[in-house]
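Observations on the three-dimensional arrangement
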Amino acid sequence: MSKIKYKRILVKLSGEALLGEQASGIDPRMIDKLAAELVQLRESGVEVGCVIGGGNLLRGARLADGGTDRVRADHMGMLATVMNALALQDGLLRLGAVAVVMSGLDMPQVCESYTQRDARRRIAAGEIIIFAAGTGSPYFTTDTGAGLRAVEIQADLMIKATRVDGIYDKDPLEHADARRYTNLHYDQAIDQRLAVMDVAAMILCNDNALELVVCDINRSGALLDLARGESVGTRVSRKEVEK
């Protein structure tokens, strides 16, 4: 068995990853699948953190575009991520994992409040930490929240697990000739306006030399393969300046 290359990994899951075959909501079968993948990763010796979006339930930005107050809409979107996080926690607990939800918004009757110190301590102790409610502030996406949490817990790698198998030069669902990248630098992704993450998230990752991989969550064993350093999806890294 290949050795583990990355000791601490932050997995960013899109809310849509929880849809399964449904048009909206949470598919219990997807919860079971994702929980099993995360447990497999933890049992291999990797320290695991996770951030989940809320797009399967609600998108705050879309509400704001329709006239809802932007701050209120973003808070609603944060609550959607908390619901997803609780569902994933339940799946992990049923598999015997030690899992905790830490929220950027204080809601002590539902989950624990996030602090960097506690997150680092508990992830080092082997707990799977699910970070919910983004940064806890409006106007920031869950991608930015994931980048921030990854940097704060000193992750060695961030994995963005979506329903596509990497980053393309154009939408592969609309263009048959779309070309998938194997490796990219953050400045390339930003300059070419590639659909990786929002620009704020990419700048944060680039400034902190945090490596990112975009992969298909439906590919069985993808997370463990990436932890071993295998080539899966598209890898994005900082371009080192020659001295």
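Residues numbered from 1 in each chain as written. Predicted model: local features only at pLDDT ≥ 70, side-chain atom pairs only at ≥ 80, totals over all residues. Heavy atoms only, no water.

1. Here we look at the pairing of strand β1 (residues 8–13)
- Here β1 lies mainly inside the structure; six of its six residues are buried.
- Both faces of β1 are covered, namely the face carrying Arg 8, Leu 10 and Lys 12 and the face carrying Ile 9, Val 11 and Leu 13.
- In terms of strand pairing, β1 meets strand β2 (residues 47–52) through six bridges, oriented parallel. Across the sheet, the residue bridging to Leu 10 is Gly 49, located in β2.
- For the handedness criterion, the β-α-β arrangement of β1, helix α1 (residues 28–43) and β2 is classed as right-handed. (Buried < 20%, exposed > 50% of the residue type's maximum accessible area, 1.4 Å probe, protein only. Helix = DSSP H or I, 4+ residues; strand = E, 2+ residues; numbered from the N terminus. Pairing = 2+ DSSP bridges. Right-handed = clockwise from strand over helix to strand, strands pointing away.)

2. Examining unusual backbone geometry
- The residue Ala 133 is not glycine, and still its phi comes out positive at about 65°.
- Mapping Ala 133 onto the fold places it in the loop between β5 (128–132) and α5 (142–152).
- Using a relative accessible area of 1% as the deciding quantity, one classes Ala 133 as buried.
- Although it is not a glycine, Arg 193 adopts a positive phi angle of roughly 55°.
- In this fold, Arg 193 is placed in the loop between α6 (186–191) and α7 (199–207).

3. Topic: the sheet that holds strand β9 (residues 234–237)
- Strands sit in the order β4-β3-β5-β2-β1-β6-β8-β9-β7 across an open sheet of nine strands; the sheet is mixed. Looking at the sheet topology across the chains shown, the edges are occupied by β4 (112–113) and β7 (183–185).
- The pairing of strand β8 (residues 211–216) with β9 spans three bridges and is antiparallel. By the bridge assignment for β9, Val 213 is matched with Arg 235.

4. As for the packing of α1 against helix α3 (residues 70–94)
- At a minimum axis separation of 9 Å, α1 and α3 run at an interaxial angle of 60°. Between α1 and α3, the angle is such that the two are oblique. Viewed along their axes, α1 and α3 form a crossing whose handedness is right-handed. Between α1 and α3, the residues in contact are Ile 31, Asp 32, Leu 34, Ala 35, Leu 38 and Val 39 and Ala 87, Leu 88, Gly 91, Leu 92 and Arg 94, respectively.
- Along the lines of polarity and charge, the residues of the contact of α1 with α3 split into eight nonpolar, one polar and two charged. (Axes fitted to C-alpha atoms, helices over the stretch in contact; angles between N-to-C directions. Parallel < 35°, antiparallel > 145°, perpendicular 65-115°, else oblique. Left-handed = near helix turned anticlockwise from the far one by under 90°. Contact = heavy atoms within 4.5 Å. Nonpolar A, V, L, I, M, F, W, Y, C, P; charged D, E, K, R; others polar.)

5. So, the packing of α5 against α7
- Two elements in contact, α5 and α7, have axes whose closest approach is 8 Å; the angle formed by their N-to-C orientations is 15°. With respect to α7, the element α5 is oriented roughly parallel. Of the two possible hands of crossing, α5 and α7 adopt the one that is left-handed. Every residue of α7 that contacts α5 at Asp 143, Thr 144, Gly 147, Leu 148 and Val 151 is listed here: Ala 200, Ala 201, Leu 204 and Cys 205.

6. Some words on the nonpolar core
- Judged by nonpolar contacts, the single largest core of 44 residues is most densely connected at Ile 9, Leu 13, Leu 38, Leu 41, Leu 88, Leu 92 and Cys 215.
- In terms of residue count, the dominant contributor to this core is α1 (seven residues).
- Not counting residues up to four positions away in its chain, the partners in contact with Leu 88 are Leu 13, Ile 31, Leu 34, Ala 35, Leu 38, Cys 50, Ile 52 and Ile 130.
- Phe 131, Ala 146, Met 158 and Val 196 belong to the second largest nonpolar core, which has 29 residues in total. (Core = buried A, V, L, I, M, F, W, Y, C linked by side-chain atoms within 4.5 Å.)

7. Quick look at α1
- An ideal rise of 1.5 Å per residue puts 22 Å on 16 residues; α1 measures up with 22 Å between its terminal C-alpha atoms.
- Within the sequence span of α1, burial applies to Met 30, Ile 31, Leu 34, Ala 35, Glu 37, Leu 38, Val 39 and Leu 41.
- In this structure, the buried residues of α1 make contact with β1, β2, α3, β5 and α8 (222–227).
- Structurally, the start of α1 carries an N-cap: the backbone nitrogen of Arg 29 is 2.9 Å from a side-chain oxygen of Asp 27.
- At the C-terminal side of α1, Gly 45 shows a positive phi close to 110°. (Expected span 1.5 Å × (residues − 1). Polar contact = N/O pair within 3.5 Å; in protein donor to acceptor, adjacent residues only side chain to side chain.)

8. Structural notes on α5
- Along α5, eight of the eleven residues are buried, which leaves the element largely enclosed by surrounding structure.
- Turning to α5, its buried residues number three or more, namely Asp 143, Thr 144, Gly 145, Ala 146, Gly 147, Arg 149, Ala 150 and Glu 152.
- Looking at the buried positions of α5, the neighbouring elements they touch are β1, β2, α4 (116–124), β5, β6 (157–162) and α7.
- Capping of α5 at its N-terminal end is provided by Thr 141; its side-chain oxygen lies 3.3 Å from the backbone amide nitrogen of Asp 143.
- Once α5 finishes, Gln 154 follows within two positions and takes phi at roughly 60°, a positive value.

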